[in-house]
Amino acid sequence: MSKVFDRFDKLPRKQKMQIVVSVTLAVALLITIPSYAWFYSQRKAAEMFKVKYPNSLYINAAHREDRKFFELAEIDVDEEVNGQRIYKKRYAFSVSGESTEHYTLQLAYTTNNKFTYNIYKANEIASSANADAEHLIHPNAADEENVGPNENQPENKLIFNDEIAAGNYAYYSVAGKKLTLTYKNGTATQAITNPTDPYYIKTYGSNTNVHEDSVPVYCQVNIDTSIDPNTKQFCDYYILEVEWNENSKNNKETDLVYLAVERK
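Keep in mind that what you see is a predicted model, and the values were worked out from it rather than measured.

1. Some points on the pattern of salt bridges
(1) Moving on: Under the criterion given, the structure shown has six salt bridges.
(2) Moving on: Glu243 is the partner of Lys88 in a salt bridge, and the nearest nitrogen-oxygen pair spans 3.9 Å. With a gap of 155 residues between them, Lys88 in strand β4 (residues 88-98) and Glu243 in strand β13 (residues 233-243) connect regions that are remote in the sequence.
(3) Moving on: The salt bridge partner of Asp213 is Lys114, with a shortest N-O separation of 3.0 Å.

Here you go:
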C-alpha cells in the first residue's frame, strides 16, 4: 500500500486531480445506485398495492339496512295483545364487516325503568311463521354499506347479495340460547355508583351528583364470525329483547340504550 502512495506522490499535479475526481465519482456511484434501486422498488411496491381502508364493523338495522332504520319504538308496559298483557318486545339488528374473525359486541343502558335486556343470535328467514321478531324493509334501504370516507367510490363499499325472497318484510327467529353477557360494572339491573369505580370515572369524571339510575350498566360478549371464504364478508343477525314485569309503570323517564362493536 505504501508503494501505491509513493507512486501517487510522484505523479504530476494534473494527474493527481484526475485520479481523485475519478475515485470520488466511483464512490458516489456505489452509494447512489443501491439507494436509487431501493427507492425505485419501494415506489413500484406502492403502485402494486392499492391503498385500502382498515376493515370496519357496522351495527345496522335488520336486513343490513342503515342504522338510522334501527329504532326502539316507545314501550307501553300496559300493552295487551288479544286480551293478554305482554311483557317483552324484540328488535332485530345486524353486525357486518369484512375480514374480521372475532369481535366484541357491547351493550350499555341506564336503569330508570328496571328493564331486562337480553341479546339473542338470530337467523333471517323468508316467512313470518314462528318468527320472534319482524322488520319492515325500508323502501330506501340498500344492501350496501360505506367502508371509506368517500361514499361515491364503489371500492369503498361493502356490498351483500340478497339471501331472502322478494317481499316487503324480512323476518328473524332466535337461534339457540341467548348470549352470555359479561357485566363490567355491576349487575344487569344496577350499575356500581361508587365515584371511585373506573367505569363511573370514565363516564362522569369527578361529578358525584348523579342519580344511581343514570349510571349506565356496561356489558359485553365476544363473538366468532362465520366469514364467507369467497368475499371475506360476514353479516350476523341479533335480536335485542327488552323485558319488564307487572310492576313496571309508564310514568317514568326514558332510558338510554347503546350498542357498540369492537374488532378484536
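2. Here's the deal with the packing of aromatic side chains
(1) Moving on: Using the criterion set out here, one finds eight aromatic pairs in the structure.
(2) Moving on: Arranged with centres 5.3 Å apart and planes meeting at 55 degrees, the rings of Tyr172 and Tyr237 form a pair that is tilted. Linking Tyr172 in strand β10 (residues 169-178) with Tyr237 in strand β13, this pair joins segments that are 65 residues apart in sequence.
(3) Moving on: A residue is classified by how much of its surface remains accessible, and Tyr172, at 1% relative accessible area, is buried.
(4) Moving on: Overall, Tyr237 belongs to the buried group, its relative accessible area being 9%.
(5) Moving on: These aromatic residues form a ring-pair network of at least three members: Phe70, Phe93 and Tyr238.

3. Comments concerning the sheet that holds strand β12 (residues 217-224)
(1) Moving on: With antiparallel pairing, the four strands of this open sheet are ordered in space as β11-β12-β5-β14. Pairing within the sheet leaves two strands with one partner each, and these edge strands are β11 (182-183) and β14 (257-263).

4. What about the environment of Lys184?
(1) Moving on: Relative to the elements of secondary structure, Lys184 occurs in the loop between β11 and α3 (198-204).
(2) Moving on: Here the alpha-carbon distance between Lys184 and Gln220, two residues 36 residues apart in the chain, equals 7.9 Å.

Conventions and cut-offs
Each chain has its residues counted from 1, running along the sequence as written. Local features in this predicted model are restricted to residues whose pLDDT is 70 or higher, and side-chain atom pairs enter the listing and the counts only when it is 80 or higher, whereas totals over whole chains, interfaces and linings include all residues. Calculation of side-chain values draws on the structure's entire complement of heavy atoms; hydrogens and water are dropped beforehand. Salt bridges are defined by distance alone: a side-chain nitrogen of Lys or Arg within 4 Å of a carboxyl oxygen of Asp or Glu. Secondary structure follows DSSP: runs of H or I at least 4 residues long count as helices, runs of E at least 2 residues long count as strands, and numbering of each begins at the N terminus. A pair of Phe, Tyr and Trp rings is counted when the ring centres sit within 6.5 Å of each other, with Trp represented by its six-membered ring. The angle between the planes then sorts it: under 30 degrees is stacked, over 60 is edge-to-face, the rest tilted. Note on classification: 1.4 Å probe, protein chains only; a residue is buried when its accessible area is under 20% of the maximum for its type, exposed when over 50%, partly exposed between these limits. By the convention used here, strands pair only if DSSP detects at least 2 bridges between them.

On their own, these measurements won't tell you what the molecule is for.
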